[in-house]
Amino acid sequence: MAAKKKIGPLDIYALLPKTNCGKCEPGVCMAFAARLAERTISLEECPPLWEKGQEANLKKLQEMLKPPVKEVKIGDIKVGGQLVVRRHEYRYFNPVPLALTLEDTLSEVDLLKRIKKVEEYGYSYIGKTLRLDMLAPRYVSGDPSKFEATVRKASLTKFPLVLWCTDPGVMEKAVSLVKDRRPLLYAATKENWKEMGELALKYQCPLALYSPFDLKTLKSMAKTMMNWGLQDLLLDPGAGFGEMLKETVNCFTVLRNTAIRGEDPEVGFPLIASVARVWEDGGRKPEELAWEETALATILMVRYADLIILKSEEIWTWLPLIILRENIYTDPRKPVSVEPGMRAIGEVNENSPVMVTSNFALTYFTVASDIENSKVPSYLIVVDTGGLSVESSIAGRKMTAQTIADAIKASNVKEKVKHRKVILPGMAARYKGELEELLGFEWEVMIGPRDSSGIPKFLAEHWK
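Owing to the predicted nature of the structure, the values given are computational and were not obtained by experimental measurement.

Topic: the overall build of the chain
Stage number 1. Across its full length, the chain holds 16 helices and 17 strands.
Stage number 2. With respect to the three principal axes, the spread of C-alpha positions in the chain is 80 × 60 × 40 Å.
Stage number 3. Taking all contacts inside the chain whose residues are at least 6 apart in sequence as the whole, residues at least 24 apart take part in 66%.
Stage number 4. Carbon and sulfur atoms provide 51% of the accessible area of the chain, an area that totals close to 22000 Å².
Stage number 5. Charged side chains of the chain number 64 positive and 61 negative; the gap between the two group centres comes to 3 Å.

Listed below in structure tokens is the structure:
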């Protein structure tokens with residue numbers, strides 16, 4: 001299934017001012033065109049392009065670079081903007097935001113506890129802190145004043161908001177409170193689409209369209225909204241587990257494939273997975289529903305969801321989602337790496353061990369964490385392996401005795417410690433003799449554990 005033709009630098013360069021004025025970060029127009037084709041720079045960063053006389057070319061470039069799935073801004077978060085169906089064809093943009101519902105039936109104490117839990121949650125993963133992203137006040141009480149109060153509490157946070165309410169009258173009171181935050185109005189249905197569309201136009205907010213397992217109605221609503229002038233839309237084709245799982249995945253897949261092929265502009269919008277709906281299947285154990293919600297969210301994160309709305313507040317349900325998201329939304333063309341060089345882990349001194357690892361980010365942060373766990377402050381020399389792990393870099397000759405020796409010499413670690421011992425990863429044991437020779441037999445090369453989890457025990461036994 002072919003995606004739209006990929007735009008090349010020459011296609012873009014033909015429409016640039018070609019002044020090489022140096023006002024952009026690359027400095028010259030051809031390099032700017034290449035960065036635009038790679039989507040690592042924006043048209044706004046070319047000042048001459050926005051000057052009088054360039055209007056026609058600017059319009060052509062905007063149309064040329066427009067992604068098949070529109071990028072929509074909710075608060076300060078962007079969703080959608082996808083160019084391809086499969087990540088390995090290029091890469092995905094705008095990691096899926098995760099929103100947590102705030103039912104207006106919660107007591108004030110429970111509501112504040114739920115908000116606080118989202119605010120304080122963070123999981124450290126290869127140098128980043130992964131978090132939830134949005135709050136979704138939900139109207140379920142039937143009492144507009146309770147929904148309004150819930151929206152007011154949510155608005156005290158910095159999180160972008162999804163206002164989940166299908167009553168236009170109740171929605172208008174809520175959106176008027178937070179219109180400056182540009183919340184997502186969720187959702188227009190076949191019963192309320194006219195009133196919700198008018199609200200989105202009046203308050204200039206993005207609007208979600210919800211038509212469960214009925215793509216014909218969903219497309220019809222999208223077409224109507226576009227004719228009204230609404231361009232910031234999101235589509236929710238419905239989400240269900242069990243017997244509805246196959247249909248759920250099918251709807252998401254059909255919408256995304258159609259959008260990327262550019263065959264149907266009515267479906268070229270980000271997709272919402274409102275997996276919190278599995279909780280509407282009452283009479284079952286909460287842990288079963290939480291598991292189903294997480295499983296469904298995981299499936300739909302892989303199958304093209306651009307925004308996911310959750311209900312479970314259990315940490316074990318959030319963790320697999322934020323880890324999966326981090327792995328899907330990295331650039332597959334670039335290994336996740338850290339800068340090579342020497343790091344000091346803890347309060348090092350002249351007697352601290354000197355250890356070696358690769359600059360693959362996951363390896364580096366794992367080794368650094370294991371050194372911290374050992375309670376032995378150490379120097380860690382990070383060899384430039386092109387972002388490959390120790391085992392892969394040895395197999396691919398990215399980590400050799402020579403590259404390790406060069407890294408040790410470049411670090412000037414001999415000025416930091418009075419001993420002359422360096423600890424290699426166990427997988428690099430074959431380099432011991434060659435490395436000692438390259439270092440002029442000044443250093444004793446010790447062989448550490450094959451797995452970094454063995455570092456605490458190794459240091460306890462061998463570093464006295």
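That shown, we press on.
Points about the nonpolar core
Stage number 1. Among the nonpolar cores identified, the biggest contains 91 residues, and Leu163, Leu185, Leu207, Leu209, Ile308 and Leu310 are the most heavily contacted of them.
Stage number 2. Dropping the residues within four chain positions of it, Ile308 is found in contact with Val96, Pro97, Leu98, Ala99, Ala273, Val275, Ala297 and Met301.
Stage number 3. Of all hydrophobic cores here, the second largest spans 23 residues; its members include Ile381, Ile408, Val413 and Val422.

Topic: the side chain of Ser393
Stage number 1. Mapped onto the fold, Ser393 is located in helix H13 (residues 390-395).
Stage number 2. Residue Ser393 is classed as buried on the basis of its relative accessible area, which comes to 0%.
Stage number 3. Within polar-contact distance, the side chain of Ser393 engages the backbone oxygen of Ser389 at 2.8 Å.
Stage number 4. Each residue touching Ser393, except ones within four places of it in the same chain, is listed here: Thr385, Leu388, Lys398 and Met399.

Digging into the packing of helix H5 (residues 144-155) against helix H6 (residues 168-178)
Stage number 1. Put simply, H5 and H6 touch, their axes get as near as 10 Å, and they point 20° apart. Put simply, H5 runs roughly parallel to H6. Between H5 and H6 lies a crossing of right-handed hand. Facing H5, whose interface residues are Pro144, Phe147, Glu148, Val151, Arg152 and Ser155, H6 presents Val170, Ala174, Leu177 and Val178.
Stage number 2. Grouping the constituent residues of the contact of H5 with H6 by class yields 7 nonpolar, 1 polar and 2 charged.

Examining helix H3 (residues 55-65)
Stage number 1. For H3, the full list of buried residues reads Leu58, Leu61 and Leu65. An end-on view of H3 places all buried positions within 65° of arc, on one side of the element. In H3, those exposed residues whose orientation departs by more than 90 degrees from the buried face are Ala56, Lys59 and Glu63.

What about the packing of aromatic side chains?
Stage number 1. All told, the structure shown has 9 aromatic pairs when counted by the stated rule.
Stage number 2. Plain terms: the ring middles of Tyr121 and Trp318 are 5.0 Å apart, the flat faces sit at 75° to each other, and that makes the pair edge-to-face. Note that Tyr121 is positioned in the loop between helix H4 (108-120) and strand S4 (123-125) and Trp318 in helix H11 (residues 315-328), a separation of 197 residues in sequence. For the residue pair Tyr121 and Trp318, the accessibility class agrees, reading buried in each case.
Stage number 3. Ring geometry for Tyr186 and Tyr210: centres 6.4 Å apart, planes at 40°, overall tilted. In this pair, Tyr186 sits in strand S8 (residues 184-188) while Tyr210 sits in strand S9 (residues 207-210), placing the two residues 24 residues apart along the sequence.
Stage number 4. Three or more aromatic residues joined by ring pairs form one cluster here, namely Trp164, Tyr186 and Tyr210.
Stage number 5. Positioned above the aromatic ring of Tyr13, the side-chain terminus of Lys18 is 5.6 Å from the ring centre.

Rules used in this analysis
Residues numbered from 1 in each chain as written. Predicted model: local features only at pLDDT ≥ 70, side-chain atom pairs only at ≥ 80, totals over all residues. Heavy atoms only, no water. Helix = DSSP H or I, 4+ residues; strand = E, 2+ residues; numbered from the N terminus. Contact = heavy atoms within 4.5 Å. Areas by Shrake-Rupley, 256 points an atom, 1.4 Å probe, with all protein chains shown as cover. Lys, Arg positive; Asp, Glu negative; His and termini not counted. Charge placed at Lys NZ, Arg CZ, Asp CG, Glu CD. Core = buried A, V, L, I, M, F, W, Y, C linked by side-chain atoms within 4.5 Å. Buried < 20%, exposed > 50% of the residue type's maximum accessible area, 1.4 Å probe, protein only. Polar contact = N/O pair within 3.5 Å; in protein donor to acceptor, adjacent residues only side chain to side chain. Axes fitted to C-alpha atoms, helices over the stretch in contact; angles between N-to-C directions. Parallel < 35°, antiparallel > 145°, perpendicular 65-115°, else oblique. Left-handed = near helix turned anticlockwise from the far one by under 90°. Nonpolar A, V, L, I, M, F, W, Y, C, P; charged D, E, K, R; others polar. Arc of directions from axis to C-beta. Phe/Tyr/Trp six-rings, centres within 6.5 Å; stacked < 30°, edge-to-face > 60°. Lys NZ or Arg CZ within 6 Å of the ring centre and 35° of its normal.

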